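Close look at the chain arrangement
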Amino acid sequence: MNDLASRVANFLGAMLGRAPERTPIGTESTNVAGTALPEFARAPVDPSRLATVAHPDGRMSTYPPPELWDDWVEWDAKAWPKRVPRRYTLVPTICFNCESACGLLAYVDRTTYEIRKFEGNPAHPGSRGRNCAKGPATHNQTYDPERILYPLQRVGERGEGKWRRVTWEAVLADIGAKMRASRERRRDGITYHVGRPGEDHYTNRCITAWGVDGHNSHTNVCSAAARAGYAFWSGIDRPSPDYANARAILLISSHLETGHYFNPHAQRIIEGKLDGAKLITMDPRLSNTASRSDVWLPTWPGSEATVLLAIAAHLIRRRTYNREFVRRWVNWAEFLRSAPTTPDMPALPIGAGTFEDFERCLEVLYDEFTFERAAAEAQVPIERVVEAARIVEEAGDRLAAHTWRAASIGNRGGWQIARCLFFLNVLTGSVGTRGGTSLNAWNKFVPKPFAQPPAFNAWNELHMPQEWPLAFFEMSFLLPHLLAEGRGEIDVYFTRVYNPMWTNPDGFMWLDALRDTEKIKLHVALTPTWNESAWFADYVLPMGHAGERHDLMSQETHAGQWIGFRQPVRRVAMERAGKSVRFTHEANPGEVWEEAEFWVELSGRMDPDGALGIRKWFESPTRPGELITQDEYWSWVFDHSVPGLPAAAAAQGLTPLAYMRKYGCFEITATNYQPYEHAVDEGGVDIEGVRRRGFPTPSGKLELFSPTLRDWGWPEKQYVVPWPLRSHVHPDEIDRAAGEMLLLPNFRLPTLIHTRSANAKWLYEISHNNPVWMHVSDAARIGVQTGDLVRVETEIGHFVDKVWVTEGIKPGIIAMSHHLGRWRLQESGAGGPGMSSHARLADDGDGGHALNILTGGSAWKTFDPDTSRIWWKDVGVHQNLTHAVHPDPISGAHCWLQRAIEVRKAAAGEHYGDVAVDTRKSMAVYRQWKALTRTAQDHSPDGNRRPLWLARPLKPVAEAYRLPRPSTPSRRKVVG
Amino acid sequence: MTAVPDATMAIARARGYAVLSELLLGGGVTLDPRAVAAIDPQATDLDELATQYVAAFDLGVPPYASTFLEPDGIVGGSITCAIADAIGTDGQRPATDEVAACHLGVLLGHAARLCGSGRDGDAADFLRRFVLPWLPAYTAAIEQLPAPFWTAVVHLTLDVVVDQCGAESPVHDDATSAPVDPLADPGAGLREVASFLASAARCGLYLTEPECAAIGRALDLPRGFGPRRARLETLLRSAAEYGSFVALCDALDAVATSRTARLGAIARDRGGCIDARDTAARIAAMRRVLATLRSGAQHVTTDPSTAAAESGTPP
């Protein structure tokens, strides 16, 4: 043996006697999202065979069985025809790309911890292993070359586009200090403006713990009107149709079914149809759902309530409604008591006040709603209205009906459309029945955390101004207008997965507000992706996509109850492998974090010594003085707050947390029909001598007659009972002879994710532009063909877009999908060039604003060769900028439908994507609508700002509801 | 070790590389006494070893492949990326919070992992590609530093690497391009010469700070401050201005001569498993450059009246 061999032998021989070393590298995993294409390790063993899982309802039958999820091997599809095995650990999570919370399974490479794909989670009770295009596209978002990977702080002026990378610690210290300073001065200086909540209680608990009235949701541009309609009936603001078991399915438009809740709802609608259910859809647009309906009613927007009441009158006249249900559960006695003093109420045969008298009154009251009237107002053939009535009548108590956005959020008074729709459920007795329509509180489960902070004692007038005491909920889309009126300023403004300038109407008002560092002193954008509003933030903080965060969700996808656990899948996979991860940003791409941990750490910095009484709510229940970890938080929830979960976990030898980490979901109950009938010992409502749970309304019953509306300044018949309200786009308001049209701007495509689609090239490849739908007769009148440019003038400005000529839209109406028309102000570094236009902003300093496209979508070169394959240029037009705000005087909803004052062929010099707006007109329209309100100051019956029983996302203490005395400046109102 | 079964050898190598990697990555901050003892049972003063670590690696010769393989010696360039890519392809991400992927400790750590997973051949390929081309020159350089323990660590590293890689066939010590003559450009000045001398990839050796300091002290020349290249340039200018340029060239040539000899000894000591001809060729090229400079300087010194007309300033 020579010297070299001898030395090596000595050394390596000594090594053999040692315990294995921790390899200094090799404990680290790859994490290339946003910087490189992922690599996957070759598995050393043959793949397992895909197990066949038999399901009685015919759903997909092959999935990796859960017992193999920890170590799953399959051939690499992309390596075909080579047989390359890959070895994964399968980690369940919850999709974040709409609100329906479908289950996903992340295939995480066991060696590199890169994510290979997201597929459906067969254990998930809501989605049942299926996903729409948005679910698998999570992978596209994760590895998006344009990701924001690190916390960024503004350098220079807002909107200048200059950023510097900062540490999370610096972020926490600075924002925490500013929040503390604000909280020490007042309780309405911090605003959390949420777009996609993606969870059910966690952040609200944080805001409550801060002791501020800080929650500001996007609800008023989304579901406010429908919520109001359902809540005035039942005290619960959201429906939950049992489509799979229905005999009739009645949809006002199909926003959720075609778009938002597409996956869980659509699969159950198909099941219902396969079982013989009939589908009725009201929509002026031939949507995918409408095209598959048994009866399509292309109603003129705003006429839906009349059609629904014609069906109701048909049931009433023929006494084919569920008389027993109505007698037991409707507040008909209140109706009879109040009717004589109700303004505009016709003379009714009230008699002795018996139920039979009520029935006679009902017939008289709704007698004017004939099929003929409905057909005329809706501009649809009467035969279709009759057919719809026949189907509803035959369905009995198996009528699954739904409205969420569409007509209810489109029209002034749209909340009454929801109210009239639920009237059919009430009449047919299909409330909470099998195949009927439940309410979301029955089909959604929100567990309690380990400690709940008390309600705060504050009222934020910028969120809940006195003009809209019945709004559902915060008037968030009016924030710029309220700021412009000098009603207040914001110390710390969080936008959370939200792009208010782009999403809301009147975006240039938002632009002015976001630029104003006096009005919005600190803007923190918590976002997974670049967006137009984040460009005007002071901090841009990268937050995770579906596989990069902890959240707990539950949605009313069907008649059962379940919870779904969103998880940072790389972190979970690494922890399965025995690796220690303290914060999720250590496992996520770059330094992408999650709100759940961020809020805890931020709250700790906000109140480091506990002097504000905030810190204690974020401390571990088992490690006094230490901030709580996600494992601790969710362990407590799953151990103590989810019925049945501990037992189910124990049956598998798991802790509840381990169970949820393994399966990602838990079904609490498969069915939950008619819970209002449950007998209770306390509370509830007396029904024929038995106390039953009833409904969370003041009467405990379903309120056909709303004393709340009567008492809060809306006593007329057309408000207190289901009744049509005249829309701002009623045919009489649209002068079609003069060239006016109705712009329907709020339908969506099922493959888009609000403003986050622009970070998913796969989705944009499916749909990337939003042309103006126009009927052939209107196109002929204007002289345009498909592909021509049209200029659409609204109340406050105009835009230019291409036209798509089709029979699939009602004459007199033009329609554009939202979610498209994204733009960026910088050629690169502000979003994918393939999914947004490079644009230029201009303003004249006097309210005149313009947006012009410099270049459309284009291919761009990154580590991902897919970005070089962009074949489209037309990425849509940002129409919302030209929409005036239309706050409904009761629900507070922004009524999305717009009066198109002129629609004409674009002239020379007018280019695709041009947008121009005069914000002086914006304020004028805002004031017109504000003048329609009946304020709490003038109409509150009890000195409160809002009925105590009505929901708010976060309710303050009762004392905070008291209206301020006139001498007290309301914007500075701090109670307690 | 040839009689040892392959699997056993793989385990031994995995553990050996892991120990060396851990020492090289953490030696300045945390030292595992067991790992130290595996190299030198007599080395028990861990504080002293940590001090040596700073002298050897932080202030001495950076243990990065890029320092020896990149023409400009900058870490984070194509060599670093190539190594990170190679490690990433194998499913790992280098722990680069503190050091770059081309750090010797990272490279050995990856080799440890490959050997530990039974991929001895892949480990050898990796080492042959990214370690062996520069480790002999590195070893010769670090010998100049007052860090005997760490010099032993590097020597042992070279032993183990050569033992694994050299068994199949002799390996070349440098795969970079042909030597470059900085004087080929008529416009080249002392700055370009300093850049050449500062580049281990070009001149074949890494001029350590102690070596330069010793030369400066011996010739009574200031070296200034700043990056190594700037200090070399200052040394050259000082020598030119103070009439010591010929002596400086001689001193540098002596370093080159000595280093060539050490390189040869290191190769011989590994039983011919290292082919250091490429490095030797570069050092030889460096010596030619020094000779040219020396000649020019002699000419200037001999006849200053004509020097200005012919060459203006010292080359």
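A quick note: this is a predicted structure, and the numbers were derived from the prediction, not measured.

This brings us to the packing of helix α7 (residues 120–130) of chain B against helix α9 (residues 148–165) of chain B. Residues and elements named next belong to chain B. Two elements in contact, α7 and α9, have axes separated by 9 Å at closest approach and are oriented at 120 degrees. Like other packed secondary-structure pairs, α7 and α9 cross with a definite hand, here left-handed. In this structure, α7 uses D120, A123, A124, L127 and R128 to contact α9, whose residues at the interface are V161, Q164 and C165. For the contact of α7 with α9, the class distribution of residues is 5 nonpolar, 1 polar and 2 charged.

This part covers the sheet that holds strand β22 (residues 665–669) of chain A. All names here are of chain A. Spatially, 3 strands are ordered β20-β21-β22 in an open sheet, and the strand pairing comes out antiparallel. This sheet does not close on itself; its edge strands, each paired only once, are β20 (551–553) and β22. This sheet shows a mean twist of 15 degrees between the axes of neighbouring strands, independent of strand direction. Relative to strand β21 (residues 561–566), β20 runs antiparallel, the two sharing 3 bridges.

All names here are of chain A. Tallying each qualifying case throughout the model produces 98 salt bridges over all chains. With its nearest N and O atoms 2.8 Å apart, the salt bridge here joins E169 to R605. Here E169, found in helix α3 (residues 168–185), pairs with R605, found in helix α21 (residues 595–606); they are 436 residues apart in sequence, far enough to count as distant. Owing to a relative accessible area of 43%, E169 belongs among the partly exposed residues under this scheme. A salt bridge links E910 to R904, with the shortest nitrogen-to-oxygen separation between them at 3.0 Å. Note on E910: relative accessible area 19%, which makes it buried.

This part is about unusual backbone geometry. Residue and element names in this part refer to chain A. Look at the link from F472 to F473: it is a cis peptide, with omega at -5 degrees. Within the secondary structure layout, F473 lies in the loop between β16 (437–439) and α17 (479–484). The backbone of Y113 sits at a positive phi, close to 60 degrees, despite the residue not being glycine. Checked against the element boundaries, Y113 lands in the loop between β5 (103–109) and β6 (115–120).

This part takes up the confidence of the model for chain A. Residues and elements named next belong to chain A. When the pLDDT values of chain A are averaged, the result is 92; 95% of them are 70 or greater. For the stretch residues 22–27, pLDDT sits under 50, and the model shows 20 contacts to residues farther than four places along the chain or on other chains. Confidence drops under a pLDDT of 50 for residues 968–976, and excluding neighbours within four residues, the segment shows 23 contacts in the predicted structure.

Next up on the list: helix α14 (residues 382–395) of chain A. Residue and element names in this part refer to chain A. The end-to-end C-alpha distance of α14, which contains 14 residues, comes to 20 Å, matching closely the 20 Å that a straight helix rising 1.5 Å per residue would cover. For α14, the full list of buried residues reads V385, A388, A389, I391, V392, E393 and A395. At the C-terminal side of α14, G396 shows a positive phi close to 60 degrees.

All names here are of chain A. Structurally, G664 is set in the loop between α24 (656–663) and β22. A relative accessible area of 1% places G664 in the buried class. For G664, the residues in contact, after removing those within four places along its chain, are P92, I94, I563, G564, F565 and Y659.

Conventions adopted
Residues numbered from 1 in each chain as written. Chains lettered and ligands numbered in written order. Predicted model: local features only at pLDDT ≥ 70, side-chain atom pairs only at ≥ 80, totals over all residues. Heavy atoms only, no water. Axes fitted to C-alpha atoms, helices over the stretch in contact; angles between N-to-C directions. Helix = DSSP H or I, 4+ residues; strand = E, 2+ residues; numbered from the N terminus. Left-handed = near helix turned anticlockwise from the far one by under 90°. Contact = heavy atoms within 4.5 Å. Nonpolar A, V, L, I, M, F, W, Y, C, P; charged D, E, K, R; others polar. Pairing = 2+ DSSP bridges. Salt bridge = Lys/Arg side-chain N within 4 Å of Asp/Glu carboxyl O. Buried < 20%, exposed > 50% of the residue type's maximum accessible area, 1.4 Å probe, protein only. pLDDT = per-residue confidence, 0-100. Expected span 1.5 Å × (residues − 1).

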